[in-house]
Amino acid sequence: MRLRPLIPALVLLCFSASIALYAQKAGEIDPMLGADKGGNVFVGPTLPFGMAKPGPDYGVSGGNSGWKPTGNLSGFSQLHVSGTGGGPKYGNIQVQAMLGKADPAHSAVPRKDEHAEVGYYSVVLGDTGIHAEITTARRTPVYRFTYPAGKDRTLLVDVGHLLMQLHDSPHRYHEGQIVHSTQVEVLSPTEIAGMQASVIGWNIQTTPMKVYFYLKTDTSAVASGTWQDGKAPVAGAKSATYAMPFTMKTLPDPPAPIVSTGAYLTFAPGAKPVMVKVGVSFVSIEQAKQNAMTEVPGFDFDGTRKAVVAAWDKALSTLKVEGGTADERQQLATGLYHSMLMPVDRTGENPLWQSSTPYYDDFYCIWDTFRSSTPLLTLLAPQRVTAILQSLLEIQDHDGFFLDGRAGNFAGRTQGGSDAEMMFTDAYVKHLSGLDWERVYKAMRHDADVDSPEYTRFGRGDMEEWKRLGYLSIEHSDPTGGPNGGPDRPGNRSMEYAANDYAVALMAKGLHHDADATLFQERAANWKRLWYPEAVDHTEGGDIKGFIWMKHADGRWKENFNPRLVGTWYTDNFYEASTWTYSFYVPQDMRELIRTMGGDVAFKKRLDLFFANDLSKRSRYRFDVGNEPGFLTPYLYNWIGEQSSTASLIHKVLDANYHSGTGGLPGNDDSGAMGSFYVFNRMGFFPVAAQDVYLIGSPSFPRSTITLGNGKQFSVIAENLSPANFYIQSATWNGKPYHRSWFTHEQLASGGDLKLVMTDKPTHWDTGDPPPSMSDKQ
């Protein structure tokens, strides 16, 4: 009989011995995870924050990231974005292999045996038998094309290629790209160089964005030529050019068809693979050549590939986990990976001004990333965040305002507030080094008070109305003349301006600008001016009264209250969420919001109904994990002492919406926003962006350990964790009882262990005071 109690102990001992602390490794990443079902992630090889992103383009429009689940492979272009939900950008300088004579009009083929891993992508080009493989250096993609023996081998270079040209766009002047001009020259039997300039695209960029390239092969061509204006190739021709035959003001409707201009090299039959490297630059052909010759001195495909893997292993090494399933570890590693694809480090590749400051581009967009991606990088790669913020500050010096989105060296498009302010304050309250905070504050103060001439590109708009009324009215009209004109998202912009102002107030207070701190804290309370106490949603779970709603400039409420109204661009309501979500978006003052909603009991009822929809399906008006404005809402229970509801909800949300495979993300990854949300929640805590507070959720790993920038380690330990034991029974911090459902960055940065004892039943463990709020007594 005495053996019975020993058996569980023996099993536990064996289980514990089998657990190891795993650093995240490149080999666990699946670059294809989230490529389909709207995730739009980039599937080709790249380095952490790397400029070159060579990868496949499928179909006529090619998708936002180039990859699509169906369609023929048109070739491989050198620049892509990852996880975007907006319109396209890039797809520049496409190469494609084919057999026989150059025929760019018939070079697209089906895919076979597609395969991707970190630093490597390969595919067989239909029935041609050509095996295409890709790896890359920071600004120089490297290709290995293995052709079947006995046939002429041709390499096409389409200098006019872009993803989703305006010809394919469903809305005229709306995000589709246009080729402005091209030039290409065959320099020798092994060299092709040139330039493409394009306009429009996602950020509606009217100044041409120029991409230069220098292509070098290890095999000499026996024939070469060019083609121009979509015409048949001309053998022996050494150069070709194209110039847009219209101006933006005279753009035809419908737009002109896609123009293909390029060059080719044809190689004699042979079994040896043809190696190709493509140096890319935003500055000049000379710099593109320098990139190609210095980053990849020869044609060492395997060595270049190993260097990519090593770079990712190093980037991921600051987070280690114990246990978890193979799928969970893969999703965790891939979420980290996606968080480090953008923005892009283009230091030395800025064509607009000379500077020794780091230069980053492809912020796509801060509205998506300030909530989770940047706070995650602040923990895992603080020096990288410093460089990104230094770049943002210098761009502000030149543009006059902080950007929300940027691509191809030009700002645009702003989705709501001025959320760079959230990024800077987040870094300030977490004591990030390397920034002149008085200089930062001066820029933030200007950004938060002065009307931007192009608020859809940078900064804030309608500031006179914001300061006079305390909200943006539905009479506001878009001054830039958008496709529909008229009102422009006054609901969510007002709520975001209020949160932004609290970020300004926090930095002002820390720097002892006391009058400013008071002013911006008062503006941070403006959300209450849009609280419509008589608005009612008649739900199946009972009536809910009181919501954020839009107003006219004279103070009248917008008629016909509709709690399920979700807008997009240029609408007179909210953006990408309904009032259900934005009524919870007061991260600066949850205590006052709870009071406004009727107290703890009423607040819990509202939250319960907010999450009552099928969490595996994206809701158009309640909780939608696929859209960032709702990221913080599962944790709002922590403010009313109901942390067990947060614990249960986190696991339901993750299990219902994240999994392995191409459809494994709940929505656009949005430059790593979805991936970083997953990483934080599986570790067991989540940041309140632009504050120094983290909220405790429910971990999925027995131990997660972060090696911090100061050399210390912080661990979350889940004792008795199992699929059924996800509630927290009690907590200790460095061995001492801990009675809060939150902690500060200062506590985390000091290192140590947060140990959570897990159980299978909801418990009201003593969580003490709720997380901080603006209206707390000072």
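About the criteria used
- Residues numbered from 1 in each chain as written.
- Predicted model: local features only at pLDDT ≥ 70, side-chain atom pairs only at ≥ 80, totals over all residues.
- Heavy atoms only, no water.
- Helix = DSSP H or I, 4+ residues; strand = E, 2+ residues; numbered from the N terminus.
- Rg over C-alpha atoms; globule rule 2.2 N^0.38 Å.
- Contact = heavy atoms within 4.5 Å.
- Salt bridge = Lys/Arg side-chain N within 4 Å of Asp/Glu carboxyl O.
- Core = buried A, V, L, I, M, F, W, Y, C linked by side-chain atoms within 4.5 Å.
- Buried < 20%, exposed > 50% of the residue type's maximum accessible area, 1.4 Å probe, protein only.
- Pairing = 2+ DSSP bridges.
- Axes fitted to C-alpha atoms, helices over the stretch in contact; angles between N-to-C directions.
- Arc of directions from axis to C-beta.
- Parallel < 35°, antiparallel > 145°, perpendicular 65-115°, else oblique.
- Left-handed = near helix turned anticlockwise from the far one by under 90°.
- Nonpolar A, V, L, I, M, F, W, Y, C, P; charged D, E, K, R; others polar.

Colleague: Where do I start with the overall build of the protein in this structure?
Modeller: Along the backbone of the protein there are 18 helices and 32 strands. Taking 778 residues into account, the globule formula puts the C-alpha radius of gyration at 28 Å, and the protein, at 27 Å, falls close to it. Principal-axis analysis of the C-alpha atoms places the extent of the protein at approximately 80 × 80 × 50 Å. Summarising the internal contacts of the protein: among those between residues at least 6 apart in sequence, 70% fall at separations of at least 24.

Colleague: Can you help me understand the pattern of salt bridges in this one?
Modeller: When the charged atoms of two side chains lie near each other, side chains of opposite charge can form a pair. What the rule picks out here adds up to 37 salt bridges. With a closest N to O distance of 2.9 Å, Lys604 and Asp608 form a salt bridge. Taken together, the positions of Lys604 and Asp608, both in helix α15 (residues 600–610) and 4 residues apart, correspond to about one turn of that helix.

Colleague: Help me understand the nonpolar core, please; the structure alone is not making it clear to me.
Modeller: Note on soluble globular proteins: their nonpolar side chains tend to be buried together. Counting 204 residues, the largest nonpolar core has Phe76, Phe145, Phe424, Phe603, Phe685 and Phe743 as the members making the most contacts within it. If you look at the next biggest cluster of nonpolar residues, it comprises 10 residues, including Leu162, Ile178, Val179 and Ile200.

Colleague: Looking at this structure, how should I read the sheet that holds strand β26 (residues 693–696)?
Modeller: Strand pairing in a sheet is mediated by backbone hydrogen bonds. Such pairs are either parallel or antiparallel. Reading across the sheet, the 3 strands line up as β25-β26-β31 and stay open at both edges, with antiparallel pairing between neighbours. With partners counted over all chains shown, the strands left at the sheet margins are β25 (685–688) and β31 (742–744), one partner each. This sheet shows a mean twist of 30 degrees between the axes of neighbouring strands, independent of strand direction. Sheet topology places β25 next to β26; 4 bridges connect them, and they run antiparallel. Residue pairing across strands places Pro687 opposite Tyr694, the latter belonging to β26.

Colleague: Just checking my understanding: could you explain α15 for this structure?
Modeller: Since the α-helix packs 3.6 residues into each turn, any two residues three or four apart lie on the same face. Looking only at α15, the buried set comprises Phe603, Arg606, Leu607, Leu609 and Phe610. Buried residues in α15, looked at end-on, bunch into an arc of 165 degrees, giving them a common side. Among the structural elements, β23 (531–539), β24 (542–548), α13 (579–582) and α14 (590–596) are those in contact with the buried residues of α15.

Colleague: Is there a simple way to explain the sheet that holds strand β6 (residues 120–125) in this structure?
Modeller: The 9 strands are arranged β5-β6-β7-β8-β17-β12-β11-β10-β15 in an open sheet whose pairing can be described as antiparallel. Looking along the sheet, the strands with just one partner apiece sit at the ends: β5 (111–117) and β15 (239–243). In this sheet, adjacent strand axes meet at a mean angle of 15 degrees when their direction is disregarded. Here 6 bridges tie strand β7 (residues 130–136) to strand β8 (residues 141–146), and the two strands are oriented antiparallel to one another. Across the sheet, the residue bridging to His131 is Thr146, located in β8. Packed on one face of the sheet, helix α3 (residues 301–316) meets β5, β6, β7, β8 and β17 (274–281) and runs near 50 degrees to β7.

Colleague: Looking at this model, I keep getting lost on the environment of Val308. Mind explaining?
Modeller: The residue Val308 is located in helix α3 in this model. In the structure, Val308 is positioned 394 residues away from Pro702 in sequence and 30 Å away in space, judged by C-alpha atoms. Sequence-distant contacts of Val308, that is, excluding residues within four places in its chain, are made with Thr46, Leu47, Val118, Gly119, Thr135 and Thr136.

Colleague: Would you mind going over unusual backbone geometry with me for this structure?
Modeller: Where the residue is not glycine, phi is negative for most of them; where a peptide bond is considered, it is trans in most cases. In this structure, Cys365 follows Tyr364 across a cis peptide bond, with omega equal to 10 degrees. For Cys365, the location among the structural elements is in the loop between β20 (360–361) and α5 (366–369).

Colleague: Before we go on, may I ask you to explain the packing of helix α4 (residues 326–339) against helix α17 (residues 673–683) in this structure?
Modeller: Between α4 and α17, the shortest axis-to-axis distance is 7 Å and the interhelical angle comes to 130 degrees. Here α4 is positioned oblique relative to α17, judged by the angle of their axes. The chirality of how α4 crosses α17 is left-handed. For the pair formed by α4 and α17, the contact residues are Glu328, Gln331, Leu332, Gly335, Leu336 and Ser339 on the first element and Gly675, Ser676, Tyr678, Val679 and Arg682 on the second. Broken down by class, the residue content of the contact of α4 with α17 amounts to 4 nonpolar, 5 polar and 2 charged.

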